[in-house]
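# Survey of secondary and tertiary structure
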Amino acid sequence: MLAEALHLLERAAEPGVAEGMPRFGIATADRVIGIRVGTLRGLARTLGRNQALAEQLWDAGIYEARLLACFVGEPKTLTAEGMDRWAAGFDNWATCDTACFDLFDNSPLAWDAVYRWAGDEREFVRRGAFALLAGLALHAKKLPDAPFLEALPLIEAQAGDDRNFVKKGVSWALRAIGMRNPALHRSAGELAERLSAAPLPAARWIGRDAARDLARPAARRKAGLG
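Scope of this entry: the structure provided in the associated data block. Because the structure is predicted, anything quoted here is derived from the model rather than measured.

So, about the packing of helix α9 (residues 123-139) against helix α10 (residues 146-158). At a minimum axis separation of 12 Å, α9 and α10 run at an interaxial angle of 150°. In terms of axis orientation, α9 runs roughly antiparallel to α10. Note that α9 runs across α10; the crossing there is left-handed. Counting all contacts with α9, which are made through R126, F130, L133, L136 and A137, the residues of α10 involved are F148, A151, L154, I155 and Q158. A breakdown of the residues in the contact of α9 with α10 according to their chemical character gives eight nonpolar, one polar and one charged.

Printed below as a string of structure tokens:
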């Protein structure tokens with residue numbers, strides 16, 4: 001199965017895609033073939049869900065194979081150890097966000113990972129915590145407000161991290177929580193305003209970024225505020 005998947009990847013390469021990655025801030029130690037994400041999603045539909053294949057793809061040393069692994073993985077079969085192993089391999093925002101947004105946030109282990117990774121000092125592991133929190137906020141429609149309210153102090157605690165990909169992830173999580181409903185919009189907005197006046201530059205940036213986004217008419221409509 002792995003050989004078939006790698007053959008499909010090689011055939012899907014498109015000129016110019018790999019060369020354009022630096023424009024989007026994507027840098028990886030893995031080999032890059034040059035395949036659009038939409039094409040990878042199509043390949044995933046062809047291959048179907050298969051966690052064993054996902055693990056092999058993750059270890060293949062190819063950037064696009066790791067993205068494909070996120071699309072063919074099976075959320076219900078994930079383990080905490082396996083999620084941590086993948087997180088340790090995050091070396092760019094695209095791989096991190098795809099794993100968190102397309103696979104991990106559907107796992108019953110997702111919330112534990114948010115809190116575990118938020119305290120990790122590695123840049124993309126910590127980003128993973130907040131990309132995962134954003135994914136839960138945007139996708140877990142039936143969850144009550146309580147877990148998201150409980151996550152706001154976690155956001156505040158890590159808002160001082162001035163690493164670019166971390167602070168953008170923290171802002172993303174705060175904005176996503178604020179777009180769930182009117183009550184969470186109010187709570188997230190209050191935190192954004194508080195962070196806007198914080199002494200640390202990263203926290204101020206996050207607060208202002210989130211406050212600006214949550215004030216947009218589109219964001220207010222999404223939160224049910226008309």
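So much for the structure itself; the text now carries on.
Let us now look at the pattern of salt bridges. Scanning the model with the defined rule gives 17 salt bridges in all. Note that D30 and R66 form a salt bridge whose closest N and O atoms lie 3.8 Å from each other. One end of the pair, D30, is in the loop between α2 (17-20) and α3 (37-47); the other, R66, is in helix α5 (residues 63-72), with 36 residues separating them in the sequence. The pair D30 / R66 is uniform in exposure class, with both members buried. One salt bridge connects D84 with R116, and the closest N-O pair in it is separated by 3.0 Å. Of this pair, D84 sits in helix α6 (residues 80-88) while R116 sits in helix α8 (residues 110-118), placing them 32 residues apart in sequence. A single salt-bridge network, built from bridges that share partners, covers R175, D209, R212, D213 and R216.

On to the packing of aromatic side chains. What characterises a pair of aromatic rings is the spacing of the ring centres plus the angle enclosed by the ring planes. The final tally for this structure, using the stated rule, is eight aromatic pairs. Taking the centre distance of 4.2 Å and the plane angle of 5° together, the rings of W58 and W86 count as stacked. Within this pair, whereas W58 is found in helix α4 (residues 51-58), its partner W86 is found in helix α6, the two being separated by 28 residues in sequence. Neither residue differs from the other here; W58 and W86 are each classed as buried. Measuring from centroid to centroid gives 5.5 Å for F101 and W172, while their planes differ by 40°, and the two rings are tilted. One end of the pair, F101, is in helix α7 (residues 93-102); the other, W172, is in helix α11 (residues 164-178), with 71 residues separating them in the sequence. On the accessibility criterion, F101 (23% relative accessible area) is partly exposed. Clustering of aromatic rings is evident, with ring pairs tying together W58, W86, F90, F104 and W117. Cation over ring: K167 sits above W205, and NZ or CZ is 4.9 Å from the ring centre.

Formed by 79 residues in total, the largest nonpolar core has its most connected members in F104, W117, L133 and I155. Ranked by residues supplied to this core, first place goes to α9 with eleven residues. For L133, the residues in contact, after removing those within four places along its chain, are W111, V114, F148, A151, I155, A173 and I177.

Criteria and cut-off values
Residues numbered from 1 in each chain as written. Predicted model: local features only at pLDDT ≥ 70, side-chain atom pairs only at ≥ 80, totals over all residues. Heavy atoms only, no water. Axes fitted to C-alpha atoms, helices over the stretch in contact; angles between N-to-C directions. Helix = DSSP H or I, 4+ residues; strand = E, 2+ residues; numbered from the N terminus. Parallel < 35°, antiparallel > 145°, perpendicular 65-115°, else oblique. Left-handed = near helix turned anticlockwise from the far one by under 90°. Contact = heavy atoms within 4.5 Å. Nonpolar A, V, L, I, M, F, W, Y, C, P; charged D, E, K, R; others polar. Salt bridge = Lys/Arg side-chain N within 4 Å of Asp/Glu carboxyl O. Buried < 20%, exposed > 50% of the residue type's maximum accessible area, 1.4 Å probe, protein only. Phe/Tyr/Trp six-rings, centres within 6.5 Å; stacked < 30°, edge-to-face > 60°. Lys NZ or Arg CZ within 6 Å of the ring centre and 35° of its normal. Core = buried A, V, L, I, M, F, W, Y, C linked by side-chain atoms within 4.5 Å.

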